[in-house]
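Residue strings, one per chain:
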Amino acid sequence: MSPAAPTSEHDNDAAPTKRARVSNDNDQEVTLYQPPPEIEEEEINIRTSSLAQPTMKLTGHKGSVYTLAYDTEGECLCSGSFDMTCLLWSAGGTCDNFNVLKGHKNAILDVKWFHDGEKIVTASADRNLGWWDAASGERIKRFMGHEGVVNAVDCVKEGHAPLVISASDDCTARLWDARVRGDVSVFEHEFQVTSIAYSLDGNTVYTGGIDNCITSWDVRRKEKIMKMTGHKDTITSISLSPNGTHLLSNSMDGTLQTWDVRPFVTGNQRHDKTFVGGTHNAEKGLLNCSWSSDGSMVTGGSADQVVHIWDVLSTEELYYLPGHAGCVNSVIFHPKENVIASGSSDKSIYVGELAQ
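(A) Expanded view of the side chain of Thr122. With respect to the element layout, Thr122 can be found in strand 9 (residues 119-124). Polar side-chain contacts of Thr122 include one of 2.8 Å to the side chain of Trp132.

(B) Broad picture of the pattern of salt bridges. In the structure shown here, the tally under the stated rule is seven salt bridges. Note that Asp177 and Arg179 form a salt bridge whose closest N and O atoms lie 2.7 Å from each other. Under the relative-accessibility criterion, Asp177 is labelled buried at 8%. Using a relative accessible area of 58% as the deciding quantity, one classes Arg179 as exposed.

(C) A look at the confidence of the model for the protein. When the pLDDT values of the protein are averaged, the result is 88; 87% of them are 70 or greater. With pLDDT under 50 throughout, residues 1-25 is counted as low confidence; its partners more than four residues away or in other chains account for 22 contacts. Predicted confidence is poor over residues 39-43, with pLDDT under 50, and the contacts of this stretch with residues over four places away or in other chains come to zero contacts.

(D) Region of the structure containing the layout of surface pockets. By volume, the largest pocket is sized at about 1100 Å³. Around the largest pocket, the lining comprises 43 residues; the ones closest to its centre are Tyr70, Lys112, Lys157, Ser239 and Leu240. Of all the secondary-structure elements, those providing two or more residues to the lining of the largest pocket are strand 4 (65-70), strand 8 (108-113), strand 12 (150-155), strand 16 (193-198), strand 20 (235-240), strand 24 (289-291) and strand 28 (328-333). Partitioned by chemical class, the residues of the lining of the largest pocket number 22 nonpolar, 16 polar and five charged.

About the criteria used
Residues numbered from 1 in each chain as written. Predicted model: local features only at pLDDT ≥ 70, side-chain atom pairs only at ≥ 80, totals over all residues. Heavy atoms only, no water. Helix = DSSP H or I, 4+ residues; strand = E, 2+ residues; numbered from the N terminus. Polar contact = N/O pair within 3.5 Å; in protein donor to acceptor, adjacent residues only side chain to side chain. Salt bridge = Lys/Arg side-chain N within 4 Å of Asp/Glu carboxyl O. Buried < 20%, exposed > 50% of the residue type's maximum accessible area, 1.4 Å probe, protein only. pLDDT = per-residue confidence, 0-100. Contact = heavy atoms within 4.5 Å. 1 Å grid on protein atoms, 1.4 Å probe; cavity = no way out; pocket = protein on both sides within 12 Å on 5 of 7 lines; lining within 4 Å. Points joined across faces, edges and corners; volume = space filled by probe spheres on them. Nonpolar A, V, L, I, M, F, W, Y, C, P; charged D, E, K, R; others polar.

Structural data, given as structure tokens:
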């Protein structure tokens, strides 16, 4: 049995090491290195947003939340509801509610921010549109002229002209200028119009309705340019991609589809991808659809109480996010952060980070 290795005063405080005595001519001691015990790394939560918590539930509406919209800088979130109001929320931190837009006499079905981040336009079942100052919460102007429920609205994407386009059950889409009284142009349809979107340059308007088709219109000539077919039921929402080359549509046939709207594409080649997994139900709600800021993901409202997010290139479902207790009417991506917001018929809004 070999004798114990000698120790020094310093060895008492140091981590224990294995020692071995090797006999040779000089009887030298050789110390064999043993690494210190591994220190368990503290669990570090890597946050990817300015939210106070990874997932937050916002409550305050007294009715179903039908529509959501972030401003262009991602600092504010606006929600529209069956309770005839819009609530403005801080997009970061604790997501405090800091303002209320009141004035409509029926449900608010759609809301959009003007690209300057200072104005908000709302579409309501009271047949009117509201033009609001986001800072004060005051209604600056009311667009009147539709003879039916106003289902959807969109704003011009660039330029100084305060142009707004709306879609209604009165079988028209109307163009409005906040600087003048009344509508500027009327685009007559054969059937009710349920969804609408502006092109990036503002020269084209896309509409969808109960005829299951998407129609593009020349704004200056007030003429139809083309019609895209493929859905088998009412189109509930359309959204333009961030680069302006594709449209995303949600339909009561249970699919989301993308369409190539570049001018050199012709015929049946315009249909691009189909995304399955979302559902619609007997409520026949106008469930929205939207793109991520980089155009790599899409999402849309779904009646199964789940938020679905798909990859654009592969059409695979990337995220399946339960939590709501009612139909998910609106889902949108944050324009700057890896965050998604959803509004539901359960009267609540969820805002949360997407796992990397």
